[in-house]
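Chain by chain, the residues:
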Amino acid sequence: MGSLFRSEEMTLAQLFLQSEAAYACVSELGELGLVQFRDLNPDVNAFQRKFVNEVRRCDEMERKLRFLEKEIRKAGIPIVDTGENPDAPPPREMIDLEATFEKLENEMKEVNTNQEALKRNFLELTELKHILRKTQSFFEEAEFHHQQMQDPALAEESHALLLGDEERGGQPMRLGFVAGVINRERLPTFERMLWRACRGNVFLRQTEIETPLEDPVTGDQVHKCVFIIFFQGDQLKTRVKKICEGFRATLYPCPETPAERREMAIGVMTRIEDLQTVLNQTQDHRHRVLVSAAKNIRVWFIKARKIKAIYHTLNLFNLDVTQKCLIAECWCPVADLERIQLALRRGTEHSGSSVPSILNRMTTKQAPPTYNKTNKFTSGFQGLVDAYGVASYSEVNPAPFTIITFPFLFAVMFGDAGHGLIMALFALWMVWREKQLLSQKGDNEIWNIFFGGRYIILLMGTFSIYTGLIYNDAFSKSLNIFGSSWSMIGVSDEEIENNEMVELDPNKTDIYKAASPYPFGIDPIWNLAENKITFLNSFKMKMSVILGVMQMTFGVCLSLSNHRFFRDPLSVFCQFIPQLLFLLCIFGYLVIIIFYKWIAYDASISSSAPSLLITLINMFLLKYTDNPDDYLYTGQKGLQIFLLLVAVVCIPWMLFLKPFIQWRASKSGRPSVRFGTVHMQVNGATEDTAVIMDQDEGEMPPPPAEAMAAHKEEEEFDLGETLIHQGIHTIEFCLGCISHTASYLRLWALSLAHAELSEVLWSMVLHIGLSFKGWLGAVITTMVFPAFAVLTIAILLVMEGLSAFLHALRLHWVEFQSKFYKGEGHQFQPFSFEALMEDHN
Amino acid sequence: MSMQELYFNIDNGYLEGLVRGFKGGILKRADYANLVQCETLEDLKLHLASTDYGNFLANEPSPLTVNVIDDKLKEKMVIEFQHMRNHAVEPLCTFMDFITYSYMIDNIVLLITGTLHQRPISELITKCHPLGSFEQMEAIHVAATPAELYNAILIDTPLAPFFVDCISEQDLDELNIEIIRNTLYKAYLEAFYDFCSQLGGTTSEFMCKALEFEADRRAFIITINSFGTELTKDDRSKLYPRCGKLHPDGLAALARADDYDQVRAVAEYYAEYKPLFEGAGNNPGDKTLEDKFFEHEVELNVNAFMQQFHFGVFYAYIKLKEQECRNIVWIAECVAQRHRTKIDNYIPIL
């Protein structure tokens, strides 16, 4: 636990890397993932940095790879994930990689252009084929009309007209026509436009091509239509052609006589077949190229990204005056300094440089980042804490306590052994199949949340089984494991027959075996009792207050650990002690009298027991009667007045003492008591570091405004501001104690709600099925059970589980952590290839 | 009015949040200061990658050209606009459609002028602003006269009602096209103005101000550009949009103007326009009148974001984004042509 209790001790370190070894060293550090580099030239533009060209080359490589990846995906070829994790290649290999990608890209582009041309050709021929086929029917129709026109009976009627025409024109009118193909969705506007532009003097016939055609550029499937337009005269012809062009309709030559059309159709068919074979060959070639690329593309991506990350990091470094070495500053955990040194040595060896890289620790006033080393079990719980706020550097981390208290408080609310068992089994399955499930990473966000919290769910489930057994509640039914301590021996048969309900009086020894209470949890007989809820409410409410006060007191005690760690005795005396006294005098006392009442009052005198709630209220109102039955014990009045006095005294103690002492200290000219972050230096500053510090003063960019402000604050003491600050804290704590204690009653409320809900589900659903007799009962139970199961999982497990989870989270964030946790730190974000690759996946 | 604001978020809250978010991504002075330091277009790309533009150029092979940058900038803006348009409900839909009409007018004029000069339509289409594209656009070269243009093409577009004033049997020549453009624009501005006034509330408050400025700017520019052309004063006065602050006295005075100084004298009477004319000049180092107008427009549009619950932010955002595109393209051109003396002539968005 030691490592989780406080965040890792961090140090700012300066790295001196030989220019030729810098690349290899950073590569090693990236594999290690334990240092966070600081940007040493924040004022320099992205494109004015030293290694911008290399970064740009990597961008270009990535672009080519993305292009290839897109083509591979489009071709539907699976990308092999071997799980291989190659090291970043040395800079000289970059040129080879670039050349490879360049070659592949060019080849790909060439193949693509070829294929596109072929496909375009193919598309044109197919469209022509369709035109020839479809227009056939148009022409046949026209032929038919023509014959009708020549039908003598009809001809007579139109004779006059035709005659007139022929006389004017001299010969029968000849209609021109164009045939083409257009996208189906553009057809309506096309038709309307034709009509408008040609004033209705054209005749358009269209029919749909049933099979979608492939667009040669995008590869999408598009639906098209064949159309044929009849018109008269050249002027209309140019106009129609213009409109066709405007609507991207492709026009094809179409012979007028059926014989020519047939001939052309045969020609087109043979050409299509020829083209198909060529197209297939190109496709095969392309496929081969892509398959070979698909084998390597993942490794290439990793390499390109690693190189880019390294150069990106190198851009953060400063160049030494002599140009011989790069200077970097980084945060790193003190415990891992050895490993970092080792990585640096490895990097230097790889690069073949003779001069070793140097790592120097520096002292700084800046707050170091917070780094908690977690494993797969603790990371979930640390995540719960970090979601509220990252711990300030080296303050007490609530995560290790959360590991136990969180599932426990959850279980107090969720308490049902049956539901807990299902939950625990689900989590156990996730933990058991961890490796397989991890390897098949899904994009399902909800699943990922559950999977990420599998250990939390496992503990929540296990604890729920425990509390469920304590409450003696499994799917709202009780388990009679040890045999109830109540018995019906003393009740006469007559009494049972005559009454619907029988009162069991615990004072009668034959009914209640006082010597042997039910050994574990609640006696199962309570499940049948009419006053079950009253009994459980009293028990659960008291339990909630006890648990709450315990957790809050523990939180206040943790603040002592913080004050001691930061060497802040003033806060111990002016904050911790009065806080603890205040809490214990009021609510600690309440807990004590709860236990006292449980012990001191048994069944025989329980009717005369005073109410705890009234006692507490009267304690504040200073209302004391003469009736001895209103007192729990003798001397209660004196003790309560004393406790109240202590609590009241604590308020001004918290409020004024600390600002007053600080004010006096600042007036007398002594340096004020430090209560900020104290930098913990394990090894005293050696002469080496001191020298570096001096250099640093000159080079370092001016400290950020925040740091300056903090610095100023230390020098000038503002009494008013401190008083207001302290006032807010005091009021928050005092009111908080009361409202937080009340807030813990949610433990009772939610557990009651859960128990009631599951009982309703039992009696309204499954009970109906079970109450039928014989074969009908079997059938109905079979039908009802799925409903019961689904509702149990959806409502009681998922919904109730989420609500209990949220409430447990709140109890930790607000009620527990407000007593000691600042959460003003910033996360340690090491430069790590692993994290980088995860980002990209 | 207060009720309108009460219900604003039901329909438009998401989009207003979105547009404000987009506006937060508009380049700041510091970004421009960095951009003008770029040596090559690659530098420009690298810096833009660190802004809200992100990786919008990442898939473009080197070497970059200004055209590619311009297209991508426009593409990004159009995607944003279309996204908002697709989520909009009435009356915001109509409002946003109105914004696109001005681009449609520009596209039509561009296409007609292009076909007049015998340019192939496919080449012209690439130059059109994607925000103003419409289906019948490519068939525009069918039309030889304004009447044909109306009957065959525009009648199916939302621009039809604006075109009514332009139908005449004249040929389409350079001057007529300009007249058509300005008449269309006039009708459009007036219709937009009416629409916004009907909406009421803060929307009309801001939009009327913005459209008044737009109308007056057009009036000034038309007048100044008409000097030395065959356009008669009478025809000229017909082109002035009549929804601005200049209407009616200022427009009457402008209609009589014969040279730049007289235009300037008209502007003297208006507190908004006086400083614009005073600060403008054609000498090197001076800002042109056009730039001054742009600056004023930017200021106006930035102010739109000071108030909540109105549609003006959508209009203002598109205008600001357009200005930003112009700025980036200007800087990119200067960088590409190694012509750095005028690189600072961009108009920063406050």
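Reading the values: rules and limits
- Residues numbered from 1 in each chain as written.
- Chains lettered and ligands numbered in written order.
- Predicted model: local features only at pLDDT ≥ 70, side-chain atom pairs only at ≥ 80, totals over all residues.
- Heavy atoms only, no water.
- Helix = DSSP H or I, 4+ residues; strand = E, 2+ residues; numbered from the N terminus.
- Expected span 1.5 Å × (residues − 1).
- Buried < 20%, exposed > 50% of the residue type's maximum accessible area, 1.4 Å probe, protein only.
- Polar contact = N/O pair within 3.5 Å; in protein donor to acceptor, adjacent residues only side chain to side chain.
- Patch = residues over 30% accessible without salt bridge, like charges linked within 9 Å, V, L, I, M, F, W, Y side chains within 5 Å.
- Areas by Shrake-Rupley, 256 points an atom, 1.4 Å probe, with all protein chains shown as cover.
- Salt bridge = Lys/Arg side-chain N within 4 Å of Asp/Glu carboxyl O.
- Lys, Arg positive; Asp, Glu negative; His and termini not counted.
- Charge placed at Lys NZ, Arg CZ, Asp CG, Glu CD.
- Contact = heavy atoms within 4.5 Å.
- Buried area = accessible area lost by both parts, 1.4 Å probe.
- Bend = angle between axes of the 7 residues up to and from the residue.
- Phe/Tyr/Trp six-rings, centres within 6.5 Å; stacked < 30°, edge-to-face > 60°.
- Lys NZ or Arg CZ within 6 Å of the ring centre and 35° of its normal.
- Core = buried A, V, L, I, M, F, W, Y, C linked by side-chain atoms within 4.5 Å.
- Pairing = 2+ DSSP bridges.
- Axes fitted to C-alpha atoms, helices over the stretch in contact; angles between N-to-C directions.

K.L.:
How should helix α24 (residues 719-743) of chain A be read in this particular structure?
P.N.:
Residues spaced three or four apart along an α-helix face the same direction, because each turn holds 3.6 residues. Residues and elements named next belong to chain A. With 25 residues, α24 should cover 36 Å at 1.5 Å per step; its first-to-last C-alpha distance of 34 Å lies within 8% of that length. Taken residue by residue, α24 has Thr 722, Gln 726, Gly 727, Thr 730, Phe 733, Cys 734, Gly 736, Cys 737, His 740, Thr 741 and Ser 743 as its buried positions. For α24, the side-chain oxygen to backbone nitrogen distance between the N-cap and Gly 720 is 3.2 Å, and the N-cap itself is Asp 718.

K.L.:
Whenever I open this one, a negative patch on the surface confuses me. Can you help?
P.N.:
A contiguous patch of negative charge on the surface is contributed by Asp 493, Glu 494, Glu 495 and Glu 497 of chain A. The residue Asp 493 of chain A is located in helix α17 (residues 493-498) in this model.

K.L.:
What is the right way to look at the interface of chain B and chain A in this model?
P.N.:
When the parts of a complex come together, some accessible area is lost, and that lost area is often used as the size of the interface. Contact with chain B, which involves 26 residues of that partner, is made by 24 residues of chain A. Note on chain B versus chain A: buried area summed over both sides is about 2300 Å², and carbon and sulfur give 49% of it. Counting the surface chain B buries against chain A, the share from its top three residues, Leu 46, Glu 135 and Val 142 of chain B, is 25%. The tally of links between chain B and chain A comes to 3 salt bridges. The partner of Arg 192 of chain A in a salt bridge is Asp 156 of chain B, with the nearest N and O atoms 3.5 Å apart. Counting across the chain B and chain A interface gives 4 residue pairs in polar contact (both at pLDDT 80 or more).

K.L.:
Looking at this structure, I do not really get helix α26 (residues 774-816) of chain A. What am I missing?
P.N.:
With 43 residues, α26 of chain A ought to run about 63 Å at 1.5 Å a step, yet its terminal C-alpha atoms sit only 55 Å apart, falling short of that. At Thr 792 of chain A, α26 of chain A shows its maximal kink, close to 30°.

K.L.:
I keep staring at the packing of aromatic side chains and nothing clicks. Help me out?
P.N.:
Any two aromatic rings considered together are summarised by their centre-to-centre distance and by the angle between their planes. Tallying each qualifying case throughout the model produces 63 aromatic pairs over all chains. Taking the centre distance of 5.6 Å and the plane angle of 65° together, the rings of Phe 190 of chain A and Phe 247 of chain A count as edge-to-face. Remark: Phe 247 of chain A occurs in the loop between α8 (234-246) and β8 (250-252) and Phe 190 of chain A occurs in helix α7 (residues 187-197); sequence separation between them is 57 residues. Its relative accessible area of 0% is what places Phe 190 of chain A among the buried residues. Note on Phe 247 of chain A: relative accessible area 1%, which makes it buried. What links up through ring pairs into an aromatic cluster is the set Phe 8, Phe 95, Phe 98, Tyr 101, Phe 162, Tyr 185, Tyr 188, Phe 192, Phe 195, Phe 309, Phe 311 and Tyr 315 of chain B. Above the ring of Phe 305 of chain B, the side-chain terminus of Lys 23 of chain B is found at 5.0 Å from the ring centroid. Over the aromatic face of Phe 294 of chain B sits the side chain of Arg 326 of chain B, whose NZ or CZ is 4.1 Å from the ring centroid.

K.L.:
I'm lost on the nonpolar core in this one. Help?
P.N.:
Within soluble globular proteins, side chains that are nonpolar generally end up buried alongside one another. Grouped together as the largest cluster of nonpolar side chains are 151 residues, with contacts concentrated most on Phe 190 and Ile 229 of chain A together with Phe 95, Phe 192 and Phe 314 of chain B. Contact partners of Phe 314 of chain B, with chain neighbours within four places excluded, come to Leu 15, Glu 16, Val 19, Met 84, Leu 92, Phe 95, Met 96 and Ile 99 of chain B. Of all hydrophobic cores here, the second largest spans 76 residues; its members include Ala 391, Phe 401, Phe 576 and Phe 582 of chain A.

K.L.:
It is not clear to me how the environment of Gln 827 of chain A should be interpreted in this structure. Could you clarify?
P.N.:
Residue and element names in this part refer to chain A. Along the chain, Gln 827 falls in the loop between α26 and α27 (833-840). With near-sequence residues (within four places) excluded, Gln 827 lies in contact with Gln 36, Pro 369, Thr 370, Asp 386 and Val 390. A distance of 3.5 Å separates polar atoms of two side chains, one belonging to Gln 827 and the other to Asp 386.

K.L.:
Hey, could you run me through the pattern of salt bridges in this one?
P.N.:
Side chains carrying opposite charge are able to pair once their charged atoms draw close together. For the structure shown, the criterion picks out 47 salt bridges over all chains. Close ionic contact of Asp 156 of chain B with Arg 196 of chain A constitutes a salt bridge, the shortest N to O distance being 2.6 Å. Taken together, the positions of Asp 156 of chain B in the loop between α7 (146-153) and α8 (160-163) and Arg 196 of chain A in helix α7 put the pair across two chains. A residue is classified by how much of its surface remains accessible, and Asp 156 of chain B, at 25% relative accessible area, is partly exposed.

K.L.:
I keep staring at the sheet that holds β8 of chain A and nothing clicks. Help me out?
P.N.:
Note: strands within a sheet are paired through backbone hydrogen bonds, in either parallel or antiparallel orientation. All names here are of chain A. Here we have 4 strands laid out as an open sheet, ordered β4-β7-β3-β8, and antiparallel in their pairing. Whereas interior strands pair on both sides, the edge strands pair on one side only; in this sheet they are β4 (203-208) and β8. Mean inter-strand twist for the sheet, computed between neighbouring axes without regard to direction, equals 25°. Bridge count between strand β3 (residues 176-183) and strand β7 (residues 224-231): 8 bridges; the pairing is antiparallel. Following the sheet pairing, Gly 180 is matched in β7 by Phe 227. α8 contacts β3, β7 and β8 of the sheet and is inclined by roughly 165° relative to β7.

Honestly, it's all geometry; don't read function into it.
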